[in-house]
Amino acid sequence: MFSSTPRRLTAGAVVLAGALALGLGTSGGAAAAAPQATLVTCTGGGFTMDVDSTATGSGTLTGCTAPGHPDLTSATIKMSGLPTLSDGIVETTTSDTIKWNTGAQTRLTEARTFVPAPGNRVTETGAGATDNGLFHPADEEELGSGTQTANHVRHFSINNGFTFALTDGALG
């Protein structure tokens, strides 16, 4: 048997810490990621957002389904925050309030990216997390496409293929 020197103990601790950081369990396989339960999905609706020195917008969520909430089918959303502009790409960080048709509310912080496409088109992606309210804690993802106009204010209208989902942030 090998003697337990401080150097060997330190090396063993480093190997064990590395294996745990890589998600390796005692069986030698990678640990499975925790599944994210879908709390609500909306497959329609859209929003508009005006961006200059601030970012403000509003819209609707439609075609919503939420396990355990059979009456929840739609919502309105209001957004307010700050933008950044880099190489024609607009990024916003907003505080959003979602008012569900059931009367419940969800507040979240959202980061959106608007990427221009030919013909005044734009694609939008967003990711965020709830701050409080119904479905908190939850992670949020959305995507869609639409149009943009740019005068003294950039105006985005996201109304094509807009989808929205909240997943259980406590699991991920």
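Residues numbered from 1 in each chain as written. Predicted model: local features only at pLDDT ≥ 70, side-chain atom pairs only at ≥ 80, totals over all residues. Heavy atoms only, no water.

Student: Would you mind showing me how to read the overall build of the protein chain here?
Tutor: Across its full length, the protein chain holds one helix and eight strands. Split into buried and exposed, the 172 residues of the protein chain put 30% on the buried side. Taking all contacts inside the protein chain whose residues are at least 6 apart in sequence as the whole, residues at least 24 apart take part in 50%. Roughly 9800 Å² of accessible area belongs to the protein chain as shown, and the carbon and sulfur atoms make up 59% of that amount. (Helix = DSSP H or I, 4+ residues; strand = E, 2+ residues; numbered from the N terminus. Buried < 20%, exposed > 50% of the residue type's maximum accessible area, 1.4 Å probe, protein only. Contact = heavy atoms within 4.5 Å. Areas by Shrake-Rupley, 256 points an atom, 1.4 Å probe, with all protein chains shown as cover.)

Student: Teacher, can you tell me more about unusual backbone geometry here?
Tutor: Most peptide bonds adopt trans geometry, and most residues besides glycine take a negative phi value. The peptide bond linking H136 to P137 adopts the cis configuration, its omega dihedral lying at 0°. Its place among the elements puts P137 in the loop between β6 (121–133) and β7 (138–150). Phi is positive for D87, which is not a glycine, with a value near 50°. With respect to the helices, strands and loops of the structure, D87 is situated in the loop between β3 (75–86) and β4 (89–100). Residue classification places D87 among the exposed residues on the basis of a relative accessible area of 77%. Phi at F135 takes a positive value of approximately 75°, unusual for a residue other than glycine.

Student: What should I look at first to understand the sheet that holds β6 in this one?
Tutor: Taken together, eight strands build a closed barrel; the order of strands is β1-β2-β3-β4-β5-β6-β7-β8 and the barrel is antiparallel. Ignoring which end each strand starts from, the neighbouring axes of this sheet average 25° apart. Of the strand pairs in this sheet, β6 and β7 are connected by nine bridges, and their pairing is antiparallel. Paired with A127 across the bridge in β7 is E141. (Pairing = 2+ DSSP bridges. Axes fitted to C-alpha atoms, helices over the stretch in contact; angles between N-to-C directions.)

Student: What's the story with the state of the cysteines in this structure? I'm lost.
Tutor: Disulfides are covalent bonds that connect the sulfur atoms of two cysteines. In the structure shown here, the tally under the stated rule is one disulfide. Paired through a disulfide, C42 and C64 show a sulfur-sulfur distance of 2.1 Å. Where C42 bonds to C64 through sulfur, the torsion about that S-S bond is close to 110°, and the disulfide is right-handed. Here the residue C42 occupies a position in strand β1 (residues 38–51), and C64 occupies one in strand β2 (residues 55–65), the gap between them amounting to 22 residues. (Disulfide = S-S within 2.5 Å.)

Student: I would appreciate a short explanation of the confidence of the model for the protein chain in the present structure.
Tutor: Close reading of the predicted structure is inappropriate where its pLDDT is low. With 78% of its residues at a pLDDT of 70 or more, the protein chain shows a mean pLDDT of 84. The weakest mean pLDDT in the protein chain belongs to helix α1 (residues 6–21) at 36; the strongest belongs to β2 at 98. Low pLDDT (under 50) marks residues 1–31, which in the prediction has nine contacts with non-local residues, meaning those over four places away or in another chain. (pLDDT = per-residue confidence, 0-100.)

Student: Sorry if this is basic, but what is going on with the side chain of S145 here?
Tutor: Within the element layout of this structure, S145 appears in strand β7. Assessed through its relative accessible area of 17%, S145 is described here as buried. Residues within four places of S145 in sequence aside, it is in contact with R121, V122, T123, S157, I158, N159 and N160.

Student: Just to check I follow, could you spell out the side chain of S157 for this structure?
Tutor: Among the structural elements, S157 can be located in strand β8 (residues 154–168). In terms of polar contacts, S157 uses its side chain to reach the side chain of N159, at 3.4 Å. Residue contacts for S157: discarding those within four places in its chain leaves F47, T48, S145, G146 and T147. (Polar contact = N/O pair within 3.5 Å; in protein donor to acceptor, adjacent residues only side chain to side chain.)

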